[in-house]
There are 2 protein chains.
Amino acid sequence: MDNVAQAEKDFKELLKEQNAYRETIMLTHWDMRTKIPKKGVEQRSEVVGFLSEKLHQIETSEKMKNFIDVLKEHSEDDFIKKTVAECEEIYERNRKIPSAEFKEYVMLQSKSESIWQEAKEKDDFSLFQPYLEQLVEYNKKFANYWGYKDHIYDALLDNYEPGVTVKTLDQVFPDLRKSLTGLLDQISASSVKPDPSVLEGHFPKEKQEAFSLAILEKMGYDFSSGRLDETIHPFAIALNQNDVRVTTNYDETDFRTAVFGTIHEGGHALYEQNISKSLANTPLSDGTSMGIHESQSLFWENFVGRTKSFWNSHYDLFKSFAPKNLQEVPLDDFYRAVNEVKPSFIRIEADELTYPLHIMIRYELEKGLINGDIKVADLPRLWNEKMQEYLGVTPPNDRVGVLQDIHWSGGDFGYFPSYALGYMYAAQFNHTLQKELDVDRQIASGNFTPIREWLTKNIHQYGKMKKPLEIVEDVTNEKLNSDYLVNYLTEKYTDIYKL
Amino acid sequence: MDNVAQAEKDFKELLKEQNAYRETIMLTHWDMRTKIPKKGVEQRSEVVGFLSEKLHQIETSEKMKNFIDVLKEHSEDDFIKKTVAECEEIYERNRKIPSAEFKEYVMLQSKSESIWQEAKEKDDFSLFQPYLEQLVEYNKKFANYWGYKDHIYDALLDNYEPGVTVKTLDQVFPDLRKSLTGLLDQISASSVKPDPSVLEGHFPKEKQEAFSLAILEKMGYDFSSGRLDETIHPFAIALNQNDVRVTTNYDETDFRTAVFGTIHEGGHALYEQNISKSLANTPLSDGTSMGIHESQSLFWENFVGRTKSFWNSHYDLFKSFAPKNLQEVPLDDFYRAVNEVKPSFIRIEADELTYPLHIMIRYELEKGLINGDIKVADLPRLWNEKMQEYLGVTPPNDRVGVLQDIHWSGGDFGYFPSYALGYMYAAQFNHTLQKELDVDRQIASGNFTPIREWLTKNIHQYGKMKKPLEIVEDVTNEKLNSDYLVNYLTEKYTDIYKL
């Protein structure tokens, strides 16, 4: 074996170790969010800290650096080269931060999250403010360490959506906003209103679970490589390629939380379950970005799960689990009720139309925080002003306003745009898919296999072998285009609200 | 800080790391036995292997050896000294085996377990035989590396029950066997027979689970530091001191599996939940031996859960979950039915009386294997002969005979005696407890707090701070004495079978 072949072999061994820590950390997270008894958390948190440090040590080790240097220059294997590039990105991103600062930051993150929780409970932004100020300062410093071409915020965006910049977002968001608020105005003016009260009633958890399982099964989620559990804040998580778990939350007074939540997380899980097995045990075996991941969950949730065709083919199944009062609701009333548009305070409860507006508010605020245009102290006021401006409602308190999301308390700046990007990607993918397949008829038939196979062939299988914008262009033959989302929403709500 | 204080501090840090790996391995085991999807197992097994190697590296590191040397000589802290002694035992045990041999052995273990499973399924001992022969040879070698005074098997026993030797067992087992078989003969000759058919009927899993939860609650199991899950082969597991989980198995045609299984595992869990918190993050925070652990599970299962007083106070609770057909069974018939004595093939399904006989058969056979008196090839024949001799039944095949238990396939020789020892310890503890507390009245009142507190004060809290035989003598003021078990069983069955 020559030196390069030996280095490739040893590199793969190191990745296996790295992956063992990664899988263990994921298992720990899953357990902490679904199963752990209350008093077990304290000790477990120390264990997670220890494992994360070990993982970080490997990612930033001299050993890793040597493999990167040797293989970058000498390996001729495309898979190895992509893997090395990914490892190098992680290495550089981590090594550019002085380790003392990184440690301080990790401690600040963990402290801030619990302070945020307290501030939210007490509805007292001032408790959280000093922590958020520090988090912003660290992120500014990190952005400068990492570097950027045009806008300091680009350095943060790059962590979540490589290739997407402020320029990209500032090109698409204003038009999108205009279209969405226009549509929202038309809807508000319409005399036709869905009646969500038909959905009310007590829907026992066990029945919701049974329906959730049935839907996941139909989506093609592989239960021999996954499972469904209950949690407070739903997520999907890949422990390894053959162990991709979905979680959901059951609200016995509102089944929509679990049903659409399960389909959403199921979309994430299908992505992870269908990454090519050849990428196993490397950092390439993961969704390529937050945005592309979100495109998969939103595709299933909205472009499949909230369509009329879907409920045409699944209403009987739904009714077989649903409580009495829902048995009598006509399908059309049901369909319209689950698609009601109503500006509200909470992002994760927002409807399809207003959701991107929630994202834009966060994007504009955090961009301002990072480039210094906005002071943390002014956030609550600015938040409420923007809510009024974009959505026409003003949160009555910070708990349902600026304190609602966990992201900033963990220092996650640059993450929010991925949600809106994912939505635009999903609409754009959907448009292409429709040219190749009669999607509507397929959904109406209840056979999702061709849809899932198309997503796997075009998106899932690549993992991180392709960058997000590369996937968008390869699949749709054009750059990011928000028109598809606007067209989709216009068509949908024109029908529902008789615009 | 002087050097010793610094060493103590650094030593504790190393133990924390060691414990982080331990907790992670435990979580992985729990997940693999309760939750993991089928296809996730293969990759996870590699992760467990990796984590186990890391743990082993710390246990046998030069760093650990240095702490042992320094602190053994210079520390004046009793807790540190006991911890160091425990670490030294682990260090010595592991270091005495050449690392190449250890690796071969670990691979052999993992291979043997799957071969054993196959052999059991196919009822073909010859498949397993060559692996078992190798496992025996390794264990002989290891026993010689570890050293012993009187009998080679002592070196293996010491792994599970420190201080107990062949001499100890050969003193108690023959008399115990004579007493048990005598009692068994009387029972067989008795015309009075419980009627287990009254227990038959379909008992839904959910109802069994609800009853299991209620009983654990009454035992004083702390659900804020634990949880109950379903599994195939029940176990209790301590992930950390505040996360001690119980698992059970629901047989819808025979509720006894879950009810007595849950109480049994609950007994193990109470032990782990009540070890002194001051021992956290050290190897002392664990049951002191397999036998003492088993004494706690058997105490709750038999000396509490199978008593007339227990069912007197819990029969109504039981009936509130039980199916219709059980509602009409008179308490006395029920009590006698769950205490039926009937020689059978499977150890884990054996009644209280015949259980120790199953253990003695295994003890005699493995002692013979290790000292060379018995050949692996002769095991099936010898097993069946002993079953006939001790229990009066001959297994119709090896699946319910020599292939039934997993232990030997994992190389666990010296483990089985702990089950019988635990039973004798439990009877002996029970005898002492009865002198201090009206146990029967307490059980009849349904308030287990004084019993649990007594066990915690005398046994649980110490973890590994006391050796098993030290605990037995401290608590009962005498050495191991099998008379208590014989007296207990005689009294119990004299009543049930009117002997």
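Residues numbered from 1 in each chain as written. Chains lettered and ligands numbered in written order. Predicted model: local features only at pLDDT ≥ 70, side-chain atom pairs only at ≥ 80, totals over all residues. Heavy atoms only, no water.

## Some points on the overall build of chain A
When you go through chain A residue by residue, the secondary structure sums to 21 helices and three strands. The C-alpha atoms of chain A give a radius of gyration of 23 Å, which matches the 23 Å a tight globule of 499 residues would have. Taken along its principal axes, the extent of the C-alpha atoms in chain A is 70 × 50 × 50 Å. For chain A, buried positions account for 57% of its 499 residues. Taking all contacts inside chain A whose residues are at least 6 apart in sequence as the whole, residues at least 24 apart take part in 73%. Total accessible area computed for chain A in this model is approximately 20,700 Å², and 48% of it derives from carbon and sulfur atoms. (Helix = DSSP H or I, 4+ residues; strand = E, 2+ residues; numbered from the N terminus. Rg over C-alpha atoms; globule rule 2.2 N^0.38 Å. Buried < 20%, exposed > 50% of the residue type's maximum accessible area, 1.4 Å probe, protein only. Contact = heavy atoms within 4.5 Å. Areas by Shrake-Rupley, 256 points an atom, 1.4 Å probe, with all protein chains shown as cover.)

## Thoughts on the sheet that holds strand E1 (residues 228-230) of chain B
Residues and elements named next belong to chain B. In spatial order, the strands read E1-E3-E2; together these three strands make up an open sheet with mixed pairing. With partners counted over all chains shown, the strands left at the sheet margins are E1 and strand E2 (236-240), one partner each. Ignoring which end each strand starts from, the neighbouring axes of this sheet average 30° apart. Pairing geometry for E2 and strand E3 (residues 243-248), over four bridges, is antiparallel. The residue bridging Ile-237 from the neighbouring strand is Arg-245, located in E3. This element, helix H1 (residues 3-34), spans E1, E2 and E3 of the sheet and lies at about 140° to E2. Across the sheet, helix H10 (residues 256-273) lies against E1, E2 and E3, angled at about 165° from E3, the strand it touches most. (Pairing = 2+ DSSP bridges. Axes fitted to C-alpha atoms, helices over the stretch in contact; angles between N-to-C directions.)

## Considerations on the domain arrangement of chain A
All names here are of chain A. In terms of domains, chain A is made up of domain 1 (2-124) and domain 2 (166-497). The centre of domain 1, based on its C-alpha atoms, is set 28 Å off from the matching centre of domain 2. Across the domain 1/domain 2 interface, buried area totals approximately 2,700 Å², and carbon plus sulfur atoms make up 57% of it. On the domain 1 side of the interface with domain 2, the three residues burying the most area are Trp-30, Phe-79 and Trp-116, jointly 23% of the side's total. At the boundary of domain 1 and domain 2, one finds three salt bridges. Between Asp-229 and Lys-35 there is a salt bridge whose closest N-O contact spans 2.7 Å. Here domain 1 is connected to domain 2 by 16 residue pairs in polar contact (both at pLDDT 80 or more). (Domains from an automatic or database assignment. Buried area = accessible area lost by both parts, 1.4 Å probe. Salt bridge = Lys/Arg side-chain N within 4 Å of Asp/Glu carboxyl O. Polar contact = N/O pair within 3.5 Å; in protein donor to acceptor, adjacent residues only side chain to side chain.)

## Structural notes on the interface of chain B and chain A
Quite often, the size of an interface is put as the accessible area lost when its parts meet. With 37 residues of chain B at the contact, the number on the chain A side is 37 residues. Surface buried jointly by chain B and chain A totals about 2,900 Å² across both partners, of which 53% is contributed by carbon and sulfur atoms. The largest contributions to the chain B side of the interface with chain A come from B:Pro37, B:Lys39 and B:Phe50, which together make up 18% of the buried area. On inspection of chain B and its partner chain A, the count reaches ten salt bridges. Of the charged contacts, one joins B:Arg44 and A:Glu23 as a salt bridge, the two residues approaching to 2.7 Å between their closest N and O atoms. If you look at where chain B meets chain A, you find 21 residue pairs in polar contact (both at pLDDT 80 or more). Secondary structure elements with two or more residues in the side of chain B that touches chain A: H1, helix H2 (41-59), E2 and E3 of chain B. A per-element tally of the side of chain B that touches chain A places H1(B) first, with twelve residues. When its residues are assigned to classes, the side of chain B that touches chain A shows eleven nonpolar, twelve polar and 14 charged. (Nonpolar A, V, L, I, M, F, W, Y, C, P; charged D, E, K, R; others polar.)

## Observations regarding the packing of helix H9 (residues 205-219) of chain A against helix H12 (residues 308-321) of chain A
All names here are of chain A. Where H9 meets H12, the closest approach of the two axes is 9 Å, and the angle between their N-to-C directions is 145°. Here the hand of the crossing between H9 and H12 comes out right-handed. Between H9 and H12, the contacting residues are Lys-207, Ala-210, Phe-211, Ala-214, Ile-215 and Lys-218 on the first element and Phe-310, Trp-311, His-314, Leu-317, Phe-318 and Phe-321 on the second. Per-class residue counts for the contact of H9 with H12 are nine nonpolar, one polar and two charged. (Left-handed = near helix turned anticlockwise from the far one by under 90°.)

## Remarks on unusual backbone geometry
Unlike most non-glycine residues, A:Asn477 shows phi in positive territory, near 60°. Position of A:Asn477 among the secondary structure elements: in the loop between helix H20 (468-476) and helix H21 (483-497). For B:Asp123, which is not glycine, the phi dihedral falls at a positive 50°. Checked against the element boundaries, B:Asp123 lands in the loop between helix H5 (99-122) and helix H6 (125-146). In this structure B:Asp123 comes out as partly exposed when scored by relative accessible area, which is 28%.

## Section: the relation of the copies chain B and chain A
By a simple turn and slide, chain B fits onto chain A: the slide is 0.0 Å along the axis, the RMSD is 0.0 Å, and the turn is 180°. The superposition operator between the copies reduces to a two-fold rotation axis. Taking C-alpha positions as the reference, the residue of chain B nearest the rotation axis is B:Thr24, at 3.5 Å. In this assembly the copies share their binding face: 100% of the residues contributing to the interface of chain B also contribute to that of chain A. (Least-squares fit on C-alpha atoms with pLDDT ≥ 70 in both.)

## Observations regarding the sheet that holds strand E3 (residues 243-248) of chain A
Residue and element names in this part refer to chain A. Read from one edge to the other, the open sheet built from three strands follows the order E1-E3-E2, with strand pairing classed as mixed. Unpaired on one side and paired on the other, strand E1 (228-230) and strand E2 (236-240) mark the two borders of the sheet. Taking the axes of each pair of neighbouring strands and ignoring which way they run, one obtains an average angle of 30° across the sheet. Sheet strands in contact with helix H1 (residues 3-34) are E1, E2 and E3, and its direction is about 140° off that of E2.

## A word on H6(B)
Residue and element names in this part refer to chain B. Along its 22 residues, H6 runs 30 Å from first to last C-alpha, staying within 8% of the 32 Å computed at 1.5 Å per residue. Of all the bends found along H6, the most pronounced is centred on Tyr-131 and spans about 25°. Buried residues along H6 sit in contact with helix H4 (78-95), H5, helix H7 (152-160), helix H15 (355-371) and helix H16 (379-391). Following H6 by one or two positions, Gly-147 has its phi on the positive side, about 85°. (Expected span 1.5 Å × (residues − 1). Bend = angle between axes of the 7 residues up to and from the residue.)

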